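A closer look at the structure
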Amino acid sequence: EVLAESAGLSARETTVFQLLVMGKSSTEISEELFISNGAVRAHSSRIYDKFGVHSRKDFDALFAEE
């Protein structure tokens, strides 16, 4: 949560961020949060921007060591 706060993530982005870090797929996240895949993609895109990465692969690499 400290990383999410320091990156300026919204409450929903923080929830999506935590699920992404856990390795959940977009479909799994959409089902767990009862939101569309498009909403997950939009949140993910904003999260990637705030962490300076451009893809899920880059995001996963950024947090692989933590």
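All of the points below concern the structure found in this document.

What counts as what
- Residues numbered from 1 in each chain as written.
- Predicted model: local features only at pLDDT ≥ 70, side-chain atom pairs only at ≥ 80, totals over all residues.
- Heavy atoms only, no water.
- Salt bridge = Lys/Arg side-chain N within 4 Å of Asp/Glu carboxyl O.
- Helix = DSSP H or I, 4+ residues; strand = E, 2+ residues; numbered from the N terminus.
- Buried < 20%, exposed > 50% of the residue type's maximum accessible area, 1.4 Å probe, protein only.

Quick look at the pattern of salt bridges now. Taken as a whole and judged by the stated rule, the model has four salt bridges. Between Glu 13 and Arg 46 there is a salt bridge, with the nearest N and O atoms lying 3.0 Å from each other. Placement of Glu 13 in helix α2 (residues 11-21) and of Arg 46 in helix α4 (residues 37-51) is noted, with a sequence separation of 33 residues between them. A salt bridge links Asp 60 to Arg 56, with the shortest nitrogen-to-oxygen separation between them at 3.0 Å. Of the two residues, Asp 60 and Arg 56 are both situated in helix α5 (residues 56-63); the distance of four residues between them amounts to about one turn of the helix. For Asp 60, a relative accessible area of 33% gives the class partly exposed. Overlapping salt bridges bring together Glu 13, Arg 46 and Lys 50 as one network.

Before going further, it helps to spend a moment on unusual backbone geometry. Of note, Phe 34 is a non-glycine position whose phi angle comes to about 60 degrees, a positive value. Locating Phe 34 in the fold gives a position in the loop between α3 (26-33) and α4.

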